[in-house]
Each structure stands twice: as structure tokens, then as C-alpha cells.
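In case you want the letters, here they are:
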Amino acid sequence: MSLYDLTLSEVAGKIKNKEVTIKEVLDDIYSRIEDVEPKVDAYITLTKDLAYKRAEELQERLNNGEDIGVLGGVPIAIKDNICTNGVKTTCASKMLENFTPIYDATVVKKLEEAGAIIVGKTNMDEFAMGSSTETSYFKKTKNPWNLNRVPGGSSGGSAAAVSSDMAFAALGSDTGGSIRQPASYCSVVGLKPTYGLISRFGLIAFASSLDQIGPFTKNVEDAAIMLNVISGHDKLDTTSADIEKIDYTKALVSDVKGKVIGIPTDFITEGISKDVKQAYDNAIDTLKAAGAKIEEIKLEYAKYSLATYYIIATAEASSNLGRYDGIRYGYRAKDFNDLDELYVKSRTEGFGDEVKRRIMLGTYVLSSGYYDAYYKRAQQVRTLIVDNFKKAFEKCDVIMIPTAPNTSFKFGAHNASPLEMYLEDIYTVPVNIAGLPGISVPGGFGKNGMPIGIQFIAKAFDEQNLLQVAYTFEKNTSYIDKKPAIEEGK
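Small disclaimer: the values here were computed from a predicted structure and weren't measured.

(A) Structural view of the overall build of the protein chain. Check the secondary structure of the protein chain and you find 15 helices and eleven strands. At 21 Å, the protein chain has a C-alpha radius of gyration in line with the 23 Å of a compact globule built from 490 residues. Considering only C-alpha atoms, the protein chain reaches an extent of 65 × 55 × 50 Å along its principal axes. By residue count, 61% of the 490 residues in the protein chain fall in the buried class. Partitioning the intrachain contacts of the protein chain with sequence separation of at least 6 by distance along the chain shows that 76% fall at a separation of at least 24. Surface accessibility of the protein chain: about 18900 Å² in total, with carbon and sulfur atoms responsible for 49%.

Given below as C-alpha cells:
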């Protein structure tokens, strides 16, 4: 077995026990990237020189008997909307094609304090707007399980990098399912933590009340390890929750006896594929056999989540992206006659079609005469959805639903209808609207051979319950053990 096949915890253990050197691990990862990256296109930028310099420093510290951290020497990938000091952070957009931050995001600092080595910045939908990683200005990332299909989005590059063993873990951001949906499509674990549990300082904003950074990993144990590292209060982020630090690895107990799993039968109706529904039914049986109690619940307002999400998200995007005007920073048009033309040309040339679409929608719903009809009403429905979840959690510990209604689709399948693309997020957006934690765990495969994810949702700041149920499900199935062949035309 190659080193890149190992999990994060396994490779960290081998490094600390001096069974392998950090350089050997890094060599193996970059060799894997050299072989696989031309097929998958998961990365926008590789940081090879910086990574080897960091590996040398960490190895010297390890040789001197120093503690190099829980992630000491482990290669990690970072989504390209998370700021990295001295390394380009493009948001996969022409608008930020040459933007190099002069500071690290808080999560990047935490990773480096824990000894991680950043190997590169991963591809994504432009400004995190999309569900397939097709809107990237630079390239289209392919799904490692079938190179003719999308990896999901917007964090498709991070999901594909972990799925194809080009990183032991990766960071993504989740605004409406952008960690969990690609995790489902690529058969990896994707964790969207409670809003406020992880600092958003240094995350380039899409929709500020919905965005949350989280990890992609090869299993639930590694997700708990990553969460330990990147969680915690940050005075640089006013939305960061000041709560007691928790060791999430203590939740890694394969036991759901006495746990009540909520099944929202009114929400899982039309639009779900037969393969996904079968995998979901199998997941219910698995947890039932493990000792969990299955309880039917109602989420009657969840069906309004998608409409609510796209009003709130586009409104916040319109506000957040107003700073990219060709003057302050970002792309600037070369030819213009006056200030108005500079604005128009810079934004027209710098943004892609999906970003323009969402800015225009957001500007519309915030405009005079439409604010009350759309944005204000969406916020009112958001409150109903939050209350809906609170009521549901009075009956259960964790809610289980599919991560996505379908398996990964072929490139261009939804180009003619953005609304069809948006429907791929139907089961993930309610979590962001309510600010709850959610995790996608590999839950089977469709008849087309493509992965299916099962999603678990818990109360705010109840990641322990979430991880315990996800870990138990993982230990009672074998889907996590299967690896993609990375062959075209399967």
C-alpha cells in the first residue's frame, strides 16, 4: 500500500513514530498528484516549494524531540476562497486571478499550528456559486469515480483531491451544501459544522450568514481530528461563538443504542432517484439493526428552503461582491472612457455568468419595492424553518436524510436550466438556513457506479452526537473502503 492510501490519522501516526519521514510522505503525495491531477484537475495552485521547506522544518523539530502537532507533517489541501499568506487565492475567478493575500485565514493558521503542510489550493465554482465546479474560470474538475461526470460543488476540487488520494484532508466552504454535496458525489466524508463554531476570518464571503468552513476527510475519525484543530472562538470574527473547547474524538464511539434518528417522511418525496431512495432505506435498516430507534418527524417548512436560500444567498452575494468594482482591488478593465464604463467593463469581464446571475437576482430582491415581497419574507420563512428544526429535535437526537437527490450528473447536463442545478441542493440548504451542523458519509452506490451520500443533521453545537451516529453508521458499512479507479468512460 502506498502512503497516499492511508488516512490522516494513520499517516500522522507513522510520522510521529518515525516509521516514515515527512519528506517521504510529501514525495508520495506529489507523485500521486503528478499522476492523477492531469485527469482530475482538482488544483488551481500547487505550493510545492513552500511545502518542502515546511517539511524540512517540521522534520528537524521532530528529530529534536519536539512536538510537531496532531497534524504534524500531514499534507492538506485548501479551497481557493480561503486566504493563504503569499499564495494566490483566486476564488476560481478572473476577478481575483492575481490576488495574493498578505495574511492567513484563521483556519489556515490553526492548521499550521497543528503541523499540517499545505500542498495546494483547490478548484471550485467561481466565488463558491455553483453545484458542479463547472463555473470555475480556470478549469473543470472531474469526478474521480467517472471523469465524464462532475465532482459536485462548489468545493468540488477539495472533494476530488481527497477522493483521489491527492491530499489526506482538505478544507472547503459550505453555503448551501458545498461541502456535503461534493462529498456525496465523490464518496468521502464532508462536515459542515454549526455556524459560528469555526472562524470565517479569511474566507472570501459569498453569503455571510450562511457560509461555513469545514473539512473533507477519508473517514469520520479524521473529520473529528480536523474539527478539533480548526474549531474555536476567534476575536477576528464577530460571528464566532465563544464556547468551551471540546475534544470531538471522544465522540468516536460505535454505539447508537438509545439514540433516536428522525426521518422526515414529508420532505423526502418527489425528485429523489430510485438508487438514492434505496440507499437511504438501507441506511435506516443499518442504524435500526445497530440499536437506534427510528422516529418519523415532520419538517413541513423544509420544502420552502430552496426558495428561501436563493433569495437570502443572492441578496448577501450582491452586497458582498459590490467591492469588486475595478478600483479597490480585483480585475480592472484596460479600456474605458469614464467611471461608469470602468465599473461595467470590469465587472462584465471579471465575473462569469453564474456570478452575474446571482448578483442581479440579489440586487433585485433588495431593491425598493421588492425588499418586503422577497427578502423580508424569506427571512421570516427562515425563522419558521429554524423553529421547525427545534421542534423536530424535541423528538430525536439526529435527523437523517439523503445528501443529494441524485448521483453525480454528466458535464453540461444542467446548462440549459439553472433551476435544475439548484434542485441538487434541496436536501442540504435547510441546514445552512438553520445554522445547524451536518455531515455526509458514504452510503452506497447507484446502478451507474456513482457514489451516494447519507446526511446526518444535529442540533446547533451538538457535533458530538452528529459524529457518534455518523461514526457508527460508517463502522456498520463498508462503503468507505471502496476507491475510485480514476478511469475515463466507466
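Anyway, onward from the coordinates.
(B) Up close: the pattern of salt bridges. If you walk through the whole model with that rule in mind, you get 16 salt bridges. Lys 23 serves as the salt-bridge partner of Asp 27, at 2.9 Å between the closest nitrogen and oxygen. Here Asp 27 and its partner Lys 23 are both found in helix α2 (residues 22-40), four residues apart, which amounts to about one turn of the helix. Taking the shortest distance from any N to any O, the salt bridge between Lys 142 and Asp 41 comes out at 2.7 Å.

(C) Layout of the pairing of strand β10 (residues 438-445). Burial within β10 is extensive, with seven of its eight residues counted as buried. Strand direction decides the pairing type here: strand β5 (residues 189-192) and β10, joined by three bridges, are antiparallel. Bridging across to β10, Lys 192 finds its partner in Gly 438. Of the pairings in the sheet, the one linking β10 to strand β11 (residues 451-458) comprises six bridges and is antiparallel in character. If you follow Ile 439 over to β11, its bridge partner there is Phe 456. Connecting the antiparallel pair β10 and β11 is a turn made up of five residues, with Gly 449 showing a positive phi of about 85 degrees.

(D) Broad picture of empty space enclosed by the protein. The final tally for this structure, using the stated rule, is one cavity of 30 Å³ or more. In terms of lining residues, the largest cavity is bounded by Ala 128, Gly 130, Ser 131, Gly 176, Ser 178, Phe 206, Tyr 309, Tyr 310, Arg 358 and Asp 425. Broken down by class, the residue content of the lining of the largest cavity amounts to four nonpolar, four polar and two charged.

Conventions we followed
- Residues numbered from 1 in each chain as written.
- Predicted model: local features only at pLDDT ≥ 70, side-chain atom pairs only at ≥ 80, totals over all residues.
- Heavy atoms only, no water.
- Helix = DSSP H or I, 4+ residues; strand = E, 2+ residues; numbered from the N terminus.
- Rg over C-alpha atoms; globule rule 2.2 N^0.38 Å.
- Buried < 20%, exposed > 50% of the residue type's maximum accessible area, 1.4 Å probe, protein only.
- Contact = heavy atoms within 4.5 Å.
- Areas by Shrake-Rupley, 256 points an atom, 1.4 Å probe, with all protein chains shown as cover.
- Salt bridge = Lys/Arg side-chain N within 4 Å of Asp/Glu carboxyl O.
- Pairing = 2+ DSSP bridges.
- 1 Å grid on protein atoms, 1.4 Å probe; cavity = no way out; pocket = protein on both sides within 12 Å on 5 of 7 lines; lining within 4 Å.
- Points joined across faces, edges and corners; volume = space filled by probe spheres on them.
- Nonpolar A, V, L, I, M, F, W, Y, C, P; charged D, E, K, R; others polar.

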